[in-house]
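Structural features, examined
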Amino acid sequence: MTDDLERRLQSLLADTAAAVEPALSGPALREARPARRRVVRVAAPLLAAAAVLALALAPQLLDGRHAGTHPQQPGTSGKVSPLPLPPASPTTPEVPVPSRSAPTLAAPTPTAPTPSTPTPSTQAVSTSGASTPGVSVAPTLAPSHAPTPTSAGTPASASVGPARLPTTTSSPAATQSR
Amino acid sequence: MTSAEPFDRYVAEHQAGLVRYAYLLCHSYALGEDLVQEVLIRLYPRWAALAEPHPYVMRSITNEYLSWRRRWSTRHIQVVRDDVLHLRAAVLEPPGDGPDPELWSHLLLLPRQQRAAVVLRYYEGYGDAEIAVLLSCKPATVRGHISRGLATLRTALTAAEGEEQR
């Protein structure tokens, strides 16, 4: 009976003590350490690749930043750019608008003196332009030809043309009345 | 601070065994670690003066376990009695987890001196003289502790078997 109890005690204490694993020096900690090293092994190449990528992209990013500082005015940013900035002039905002310069370049075209040649064909063209209220090149160029009768742009001026027609063609009518 | 290297080597070699021994004494893993840690901290300043540190550490752990209840009672307010704590421990740790839960539960109910003597005899394999040194008593006292402890266990197991047969 005593021997059996002693054997039970020995096996019980041995098994119970074997189940105890100290947290700091047990096999579980030794098995967990390689897992942490694996994380480091994965993280180190990633960090190296990120560093190489950052070094490769750094010049481009710096160039992009310098290019971005050019259009800024010196007063808006607190930093002084090392590169010489173009002088700020009021004409610079008008430079990138070529559409407005087109009418100024087309200004010599109306200089063809249509009123100086009072032919009926030209007057008929002017009457058609006056009847349509749509925007055309002719009204924009009108201020340069203010003294001309077509520069009024009013429908009354259109009646000028047809009023002359009877005068020009009055000779046959007079002959008929006669 | 010159004893740092031998101390580290000893802890690396014996910490697991010390914690297992402390766990068998107090049946609490956290308390066993605390016992070992407190003893090692106390012995570290005079570690170089110890010729044979391991028996001294074992004796210190045993004495710490035996005196723990005294100091514990002065430091903490005990709201329940020991038998209630044992019942609670039996509930928290189901008997089906250990290798011999019935014997283990009866071993927990032994007095501290008897339990320490039984553990030192049947786990560490020490003789009466070694156990007497660790427990700071005579070998005859050690034999008395072990015999009374075994008698208590035998009575408890016999009573449990009689209840199962009914």
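Residues numbered from 1 in each chain as written. Chains lettered and ligands numbered in written order. Predicted model: local features only at pLDDT ≥ 70, side-chain atom pairs only at ≥ 80, totals over all residues. Heavy atoms only, no water.

Moving on, we come to the overall build of chain A. When you go through chain A residue by residue, the secondary structure sums to 8 helices and 0 strands. Secondary structure elements of chain A, listed N to C terminal, follow the sequence α-α-α-α-α-α-α-α. The buried share of chain A, reckoned over its 178 residues, is 11%. Working note: accessible area of chain A is about 13,500 Å², and carbon and sulfur atoms make up 67% of it. (Helix = DSSP H or I, 4+ residues; strand = E, 2+ residues; numbered from the N terminus. Buried < 20%, exposed > 50% of the residue type's maximum accessible area, 1.4 Å probe, protein only. Areas by Shrake-Rupley, 256 points an atom, 1.4 Å probe, with all protein chains shown as cover.)

Between chain B and chain A, the contact holds 22 residues from the first and 20 residues from the second. Considering only the surface of chain B that becomes buried against chain A, B:Arg20, B:Tyr122 and B:Arg154 emerge as the three largest contributors, covering 28% of it. Our enumeration of links across chain B and chain A arrives at 3 residue pairs in polar contact (both at pLDDT 80 or more). Elements with a contribution of two residues or more to the side of chain B that touches chain A: helix H1 (4-26), helix H2 (29-43), helix H5 (101-108), helix H6 (112-122) and helix H8 (139-165) of chain B. In terms of residues, the side of chain B that touches chain A owes the most to one element, H1(B), which gives 6 residues. Residues that form the side of chain B that touches chain A fall into these classes: 16 nonpolar, 2 polar and 4 charged. (Contact = heavy atoms within 4.5 Å. Buried area = accessible area lost by both parts, 1.4 Å probe. Polar contact = N/O pair within 3.5 Å; in protein donor to acceptor, adjacent residues only side chain to side chain. Nonpolar A, V, L, I, M, F, W, Y, C, P; charged D, E, K, R; others polar.)

Here the structure, examined in full by the defined rule, presents 5 salt bridges over all chains. Note that A:Asp4 and A:Arg7 form a salt bridge whose closest N and O atoms lie 3.7 Å from each other. Pair noted here: A:Asp4 and A:Arg7 are both in helix H1 (residues 2-19), with a separation of 3 residues, about one helical turn. By relative accessible area, which is 52% here, A:Arg7 ends up exposed. In this structure, A:Arg8 and B:Asp100 form a salt bridge, with 3.0 Å as the shortest nitrogen-oxygen distance. Placement of A:Arg8 in helix H1 and of B:Asp100 in the loop between helix H4 (82-92) and H5 is noted, with the two residues assigned to different chains. (Salt bridge = Lys/Arg side-chain N within 4 Å of Asp/Glu carboxyl O.)

Caution is warranted with low-pLDDT regions, since their predicted coordinates should not be read in detail. Residues and elements named next belong to chain B. Summarising the model, chain B shows a mean pLDDT of 83, and 80% of its residues fall at 70 or more. In the model of chain B, H4 stands out as the element of lowest mean pLDDT, 63, in contrast to H6, which has the highest, 93. Reported confidences for the modelled complex are a pTM of 0.49 and an ipTM of 0.78. (pLDDT = per-residue confidence, 0-100.)

All names here are of chain B. One pass over the structure, following the stated rule, counts 4 aromatic pairs over all chains. Ring geometry for Phe 7 and Trp 47: centres 5.1 Å apart, planes at 90 degrees, overall edge-to-face. Here Trp 47 lies in the loop between H2 and helix H3 (53-75) and Phe 7 lies in helix H1, a separation of 40 residues in the sequence. Trp 47 sits in the buried class, given a relative accessible area of 5%. Centroid distance Tyr 10 to Trp 47: 5.0 Å. Interplanar angle 50 degrees. Geometry classified as tilted. (Phe/Tyr/Trp six-rings, centres within 6.5 Å; stacked < 30°, edge-to-face > 60°.)

We now examine a nonpolar patch on the surface. All names here are of chain A. A cluster of nonpolar side chains, namely Leu 53, Leu 57 and Leu 61, defines an oily patch on the protein surface of about 290 Å² accessible area. In this structure, Leu 61 sits in helix H2 (residues 27-69). Classification of Leu 61 as exposed rests on a relative accessible area of 55%. (Patch = residues over 30% accessible without salt bridge, like charges linked within 9 Å, V, L, I, M, F, W, Y side chains within 5 Å.)

Each pair of packed helices can be described by the angle between their axes along with the distance between the axes. Residues and elements named next belong to chain B. Remark: H5 packs on H8, axes separated minimally by 10 Å, with the N-to-C direction vectors making an angle of 135 degrees. Judged on the interaxial angle alone, H8 and H5 are oblique. Relative to H8, H5 is oriented so that their crossing is right-handed. Where H5 abuts H8, its residues Glu 102, Leu 103, His 106 and Leu 107 lie against Leu 153, Ala 156, Leu 157, Ala 160 and Glu 164. (Axes fitted to C-alpha atoms, helices over the stretch in contact; angles between N-to-C directions. Parallel < 35°, antiparallel > 145°, perpendicular 65-115°, else oblique. Left-handed = near helix turned anticlockwise from the far one by under 90°.)

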